[in-house]
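Chain by chain, the residues:
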Amino acid sequence: MTEMLPSAFDATGMFEEVTDGQAARTYAARRNLFAQGGPADAIFYLQRGRVKLSLVSPRGKEAVIAILESGEFFGEGCLAGQSVRMVTATSVTPCSVVRIDKAVMTRLLHERAAVAEKFMAHLLARNIRIEEDLADQLFNSSEKRLARVLLQMAHLGKEAPTQPTVAKLSQQTLADMVGTTRSRVNFFMNKFRRLGLIDYGAGMSSDLQVNGSLLNVILRD
């Protein structure tokens, strides 16, 4: 996961300045921020909450590309010439999101070093994550892929401060992220729980507690 903004970067003040004080928009959970095939004319910055990026194939199969957290940009394809959205962005939890027009963001990148530095860090982190995800899909079992997703979302095994609680996600969303079936995710989640690697209290509707020893599932042969 990408790191939070450095303290020197005043996201709220910066974006309010360039959007006439109308920077942040709030969304309830399970609301589309933009849809696949829609016009790509702005970039977004997630101030608070979680957002899911998903893609639907011509045959109707959905894949979850990423779960984004506070401090991340998305929709940046418009800056590289995309005229339509390639994915759908949906709020997983209640969110506060900044929408920045393409032309405004382009100007900010040229004029504001803090914005350019943060955005470059975002792009590099996103590229690394894409490469890791591809290797994961090509070489690892669905059990290891699920363990990696849970560890990523809990910020375990990283240099960033530990955050062992993962906000609730449906097993179907986890299955879409891992590239397997819901029944397989249910099997592995129950297995992880029996082994003490995770805990979700009274049921899967609760937040997950992730144990760092889950990393052993990935490291073993």
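Reference entry: report on the structure contained in this document. (Residues numbered from 1 in each chain as written. Predicted model: local features only at pLDDT ≥ 70, side-chain atom pairs only at ≥ 80, totals over all residues. Heavy atoms only, no water.)

Looking now at the packing of helix 2 (residues 102–111) against helix 3 (residues 113–139). Contact pair helix 2 / helix 3: the axes reach a minimum separation of 6 Å and the direction vectors enclose 105°. In this view, helix 2 runs roughly perpendicular relative to helix 3, as classed from their interaxial angle. Contact with helix 2, carried on its side by Met-105, Leu-108, Leu-109 and Glu-111, involves Ala-113, Val-115, Ala-116 and Phe-119 of helix 3 and no other residues of that element. Along the lines of polarity and charge, the residues of the contact of helix 2 with helix 3 split into seven nonpolar, no polar and one charged. (Axes fitted to C-alpha atoms, helices over the stretch in contact; angles between N-to-C directions. Helix = DSSP H or I, 4+ residues; strand = E, 2+ residues; numbered from the N terminus. Parallel < 35°, antiparallel > 145°, perpendicular 65-115°, else oblique. Contact = heavy atoms within 4.5 Å. Nonpolar A, V, L, I, M, F, W, Y, C, P; charged D, E, K, R; others polar.)

Okay, the sheet that holds strand 5 (residues 62–68) next. Taken together, four strands build an open sheet; the order of strands is 2-7-4-5 and the sheet is antiparallel. At either end of the open sheet lies a strand with only one pairing partner, and these are strand 2 (32–34) and strand 5. Neighbouring strand axes in the sheet, compared pairwise and without regard to direction, differ in orientation by 30° on average. With six bridges connecting them, strand 4 (residues 51–56) and strand 5 associate as antiparallel partners. Opposite Val-56, over in strand 5, you have Glu-62 as the bridge partner. (Pairing = 2+ DSSP bridges.)

For the coordinates displayed, the defined rule picks out eleven salt bridges. Note that Glu-69 and Arg-50 form a salt bridge whose closest N and O atoms lie 2.5 Å from each other. On the criterion of sequence distance, the pair formed by Glu-69 in the loop between strand 5 and strand 6 (72–74) and Arg-50 in the loop between strand 3 (42–48) and strand 4 is long-range, its members being 19 residues apart. For Glu-69, a relative accessible area of 10% translates into the label buried. Two residues, Arg-129 and Glu-72, come together in a salt bridge whose shortest N-O distance is 3.3 Å. Remark: Glu-72 occurs in strand 6 and Arg-129 occurs in helix 3; sequence separation between them is 57 residues. You can call Arg-129 buried: its relative accessible area is 10%. A relative accessible area of 1% places Glu-72 in the buried class. (Salt bridge = Lys/Arg side-chain N within 4 Å of Asp/Glu carboxyl O. Buried < 20%, exposed > 50% of the residue type's maximum accessible area, 1.4 Å probe, protein only.)

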